[in-house]
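# Results of the structural survey
One-letter residues, chain by chain:
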Amino acid sequence: MNLPTFVIAVFSLLILPGPTNAVLALASTTLTVWRSLSLIAAVVLGYLAIIVPVSSIAAPVLNGHPGIASTVKLISAIWVLYLALKLWVRAPTGGQNTLGVGQLFITTLLNPKAIIIGLTLVPAVEAGVPAATATFVCCVTVTSAIWLGLGSLLVGRQAQMSPVARHCGCAVLVVFSLTLAISALLT
């Protein structure tokens, strides 16, 4: 696969709604330049922490054991459900109902998209893993910025998320959690 084809494949996969993108959108409250950069860095590092070892070391092992991918999906489903429940509860007076860098990093680590990219897309790039990795980082940065901007428009930038936005965000996270769980159980 050449780099332009890789960019199209990765961008198409990363721009789709999913747990990381939902948390990015919901984390867009109190958005500043520093917070935006921190959130994007968390996504990039979370994906790279999975993709680099999977594409270079674990691909032969994981290709022969589909149960590992199902286990990651189940763990991810539990984590996303936990985030939904955490977000549902109203923050105490003066507190904030925001999802932070840590939750976003863990969500990205557990995102099945990372395994798909590491197993199928990165190893197929003719230019090699370093070129694929650099290109991937650019794609992640762009898609993360898009989701932060979308979240800023939908959720708002105030310190406290409105109850409607909070509950809609929770519902989206629950749907992703159920989708991941069903997908894991059916494979």
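Summarised in this report is the structure supplied together with it. Note that the structure is a prediction, hence the values are computed from the model and not measured.

Bringing the overall build of the protein into the picture now. Tallying secondary structure elements over the protein gives eight helices and zero strands in all. In the protein, which comprises 187 residues, the share counted as buried stands at 47%. In the structure as shown, the protein presents an accessible area of about 8900 Å², 78% of it carried by carbon and sulfur atoms.

Let us now look at the packing of aromatic side chains. Applying the stated criterion to the full structure yields one aromatic pair. Consider the rings of Tyr 47 and Phe 136, whose centres lie 5.7 Å apart with planes at 90°: the pair is edge-to-face. Taken together, the residues Tyr 47 in helix H3 (residues 33-63) and Phe 136 in helix H7 (residues 129-155) connect sequence positions 89 residues apart. Residue class for Tyr 47 comes out buried when judged on its relative accessible area of 3%.

Right, let's get into the nonpolar core. One finds Phe 6, Leu 14, Tyr 47, Ile 117, Phe 136 and Leu 173 to be the most contacted residues of the largest nonpolar core, which totals 43 residues. With eight residues, the top contributor of residues to this core is H3.

What follows concerns the environment of Thr 32. By secondary structure assignment, the location of Thr 32 is in the loop between helix H2 (19-26) and H3. Relative accessible area serves as the criterion here: at 43%, Thr 32 is assigned to the partly exposed category.

All right, on to the environment of Ser 76 then. You can see Ser 76 is positioned in helix H4 (residues 66-88). Judged by its relative accessible area of 1%, Ser 76 is buried. C-alpha separation for the pair Ser 76 and Thr 108, spaced 32 residues apart in sequence, amounts to 9.1 Å. Discounting residues that sit within four places of it in the chain, Ser 76 has contacts with Leu 110, Asn 111, Pro 112 and Leu 180.

Conventions used here
Per chain, the residues get numbers from 1 upward, laid out in the order the sequence is written. Residues qualify for local features only when their pLDDT is at least 70, as the model is predicted, and side-chain atom pairs are given and counted only at 80 or more; totals for whole chains, interfaces and linings, by contrast, use all residues. Side-chain calculation: all heavy atoms of the structure are included, whereas hydrogens and water are not. Secondary structure is summarised from DSSP: a helix means a run of H or I of at least four residues, a strand means a run of E of at least two, and numbering begins at the N terminus for each. Exposure classes here rest on a 1.4 Å probe applied to the protein chains alone. A residue is buried below 20% of its type maximum, exposed above 50%, and partly exposed in between. All accessible areas in this document rest on Shrake-Rupley with a 1.4 Å probe, and a residue is counted as covered only by the protein chains that are shown. Note on aromatic contacts: the rings of Phe and Tyr and the six-membered ring of Trp form a pair at centre separations within 6.5 Å, being stacked when their planes are under 30 degrees apart, edge-to-face when over 60 apart, and tilted otherwise. The term nonpolar core refers to a set of buried residues drawn from Ala, Val, Leu, Ile, Met, Phe, Trp, Tyr and Cys, joined through side-chain atoms within 4.5 Å. What makes two residues a contact is simply this: any of their non-hydrogen atoms within 4.5 Å.

Just distances and angles here, no functional claims.
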